[in-house]
Amino acid sequence: DAGVTQSPTHLIKTRGQQVTLRCSPISGHKSVSWYQQVLGQGPQFIFQYYEKEERGRGNFPDRFSARQFPNYSSELNVNALLLGDSALYLCASSLGQGTDTQYFGPGTRLTVL
Amino acid sequence: AQSVTQLDSHVSVSEGTPVLLRCNYSSSYSPSLFWYVQHPNKGLQLLLKYTSAATLVKGINGFEAEFKKSETSFHLTKPSAHMSDAAEYFCVVSGGKSSGDKLTFGTGTRLAVRP
């Protein structure tokens, strides 16, 4: 069975640009969460979506937004990119809200120049 | 609010010797705790999870962890290290439904395995 998939694998942007990252959950999973992992640190929670509604938000500015589609895939958007947004962006899926086990995709490496 | 503290940023062991990665947690309720592993340039793989059933949890690749409420610890162990165990290990606590299932990660422990 396919795991969580993310696209693109790598991305290079310049300051001030906008970026969209995509995630497809494991088949049957209805919850998607996004995490940011800066080099040398543990992942930080950004958003959780369940049944197309935002169910949790981390301590990130409004430049970060996300949505979930009827097929449970998700997009993470970041506007007005800063150098500090350079990181590995991880998507995780789980069966549903309150179901703790989250399975992670390989991530999208974003570099902001 | 919940948090985890990984007590060692780097651990180095010889192949075939035991592994101990230490984690303490803080939570206002009975937590769900996890260990994830991250190999270089790869995503996160679930090693094991604790969800208030047995206090000794067995995971993949010979790893296990023991939940000790009195010590607020959830240390990860393996009897005999293999070269392929070299990676970054994260202790993680779940916020549960009230916090949107937010996972809070520790700062990570890098495990090196010497031949």
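The structure contained in this document is the topic of the report that follows.

Calculation notes
Residues numbered from 1 in each chain as written. Chains lettered and ligands numbered in written order. Predicted model: local features only at pLDDT ≥ 70, side-chain atom pairs only at ≥ 80, totals over all residues. Heavy atoms only, no water. Helix = DSSP H or I, 4+ residues; strand = E, 2+ residues; numbered from the N terminus. Rg over C-alpha atoms; globule rule 2.2 N^0.38 Å. Buried < 20%, exposed > 50% of the residue type's maximum accessible area, 1.4 Å probe, protein only. Contact = heavy atoms within 4.5 Å. Lys, Arg positive; Asp, Glu negative; His and termini not counted. Charge placed at Lys NZ, Arg CZ, Asp CG, Glu CD. Pairing = 2+ DSSP bridges. Disulfide = S-S within 2.5 Å. Axes fitted to C-alpha atoms, helices over the stretch in contact; angles between N-to-C directions. Salt bridge = Lys/Arg side-chain N within 4 Å of Asp/Glu carboxyl O.

## A word on the overall build of chain B
And step 1. Looking only at helices and strands, chain B has zero helices and twelve strands in total.
And step 2. Going residue by residue from the N terminus, the α and β elements of chain B occur as β-β-β-β-β-β-β-β-β-β-β-β.
And step 3. Against the compact-globule benchmark of 13 Å for 115 residues, chain B has a radius of gyration of 14 Å, which places it among compact chains.
And step 4. Looking at chain B as a whole, 46% of its 115 residues qualify as buried.
And step 5. Considering only intrachain contacts with a sequence separation of at least 6, the fraction spanning at least 24 residues in chain B is 56%.
And step 6. Taking the average location of the 11 positive side-chain charges in chain B and that of its 8 negative ones, the two points are 5 Å from each other.

## A few points about the pairing of strand E4 (residues 23–26) of chain B
Residue and element names in this part refer to chain B.
And step 1. Residues Cys23 and Tyr25 line the buried face of E4, whereas the alternating positions Asn24 and Ser26 sit on a face that is not buried.
And step 2. Taken together, the four bridges between strand E1 (residues 3–6) and E4 define a ladder with antiparallel strand orientation. Residue Ser3 lies in a different strand from E4, and its bridge partner there is Ser26.

## Side note on the state of the cysteines
And step 1. Taken as a whole, this structure holds two disulfides over all chains when the rule is applied.
And step 2. Each disulfide pairs two cysteine sulfurs, and for Cys23 of chain A the partner residue is Cys91 of chain A, the sulfurs being separated by 1.8 Å. Across the S-S bond of Cys23 of chain A and Cys91 of chain A the torsion is about -60°, and the bridge reads as left-handed. On the criterion of sequence distance, the pair formed by Cys23 of chain A in strand E3 (residues 19–24) and Cys91 of chain A in strand E9 (residues 87–94) is long-range, its members being 68 residues apart. When sorted by exposure, Cys23 of chain A lands in the same class as Cys91 of chain A, which is buried.
And step 3. Put simply, Cys23 of chain B and Cys91 of chain B are joined by a disulfide, and their sulfur atoms are 2.0 Å apart. Judged by the sign of its S-S torsion, about -65°, the cystine formed by Cys23 of chain B and Cys91 of chain B is left-handed. Placement of Cys23 of chain B in strand E4 and of Cys91 of chain B in strand E10 (residues 87–94) is noted, with a sequence separation of 68 residues between them. Note on accessibility: Cys23 of chain B and Cys91 of chain B belong to one class, buried.

## Some thoughts on the sheet that holds strand E1 (residues 5–7) of chain A
All names here are of chain A.
And step 1. Read from one edge of the open sheet, four strands run E1-E3-E8-E7, paired in antiparallel fashion. Taken across any chain shown, the strands that pair with only one partner, and hence form the sheet edges, are E1 and strand E7 (64–68). Looking at each pair of strands side by side, their axes are set apart by 15° on average, direction ignored.
And step 2. Of the strand pairs in this sheet, E3 and strand E8 (residues 74–78) are connected by five bridges, and their pairing is antiparallel. Bridging from a neighbouring strand, Cys23 pairs with Ser74 of E8.

## A closer look at the pattern of salt bridges
And step 1. The final tally for this structure, using the stated rule, is ten salt bridges over all chains.
And step 2. For the salt bridge of Arg57 of chain A with Glu54 of chain A, the shortest nitrogen-to-oxygen distance reads 3.3 Å.
And step 3. Look at Arg57 of chain A and you get partly exposed, because its relative accessible area is 42%.
And step 4. In this structure, Asp8 of chain B engages Arg22 of chain B in a salt bridge whose closest nitrogen and oxygen atoms are separated by 3.0 Å. Taken together, the residues Asp8 of chain B in the loop between E1 and strand E2 (10–14) and Arg22 of chain B in the loop between strand E3 (19–21) and E4 connect sequence positions 14 residues apart.
And step 5. Put simply, Arg22, Arg67 and Glu75 of chain A are held in one network by salt bridges that share partners.

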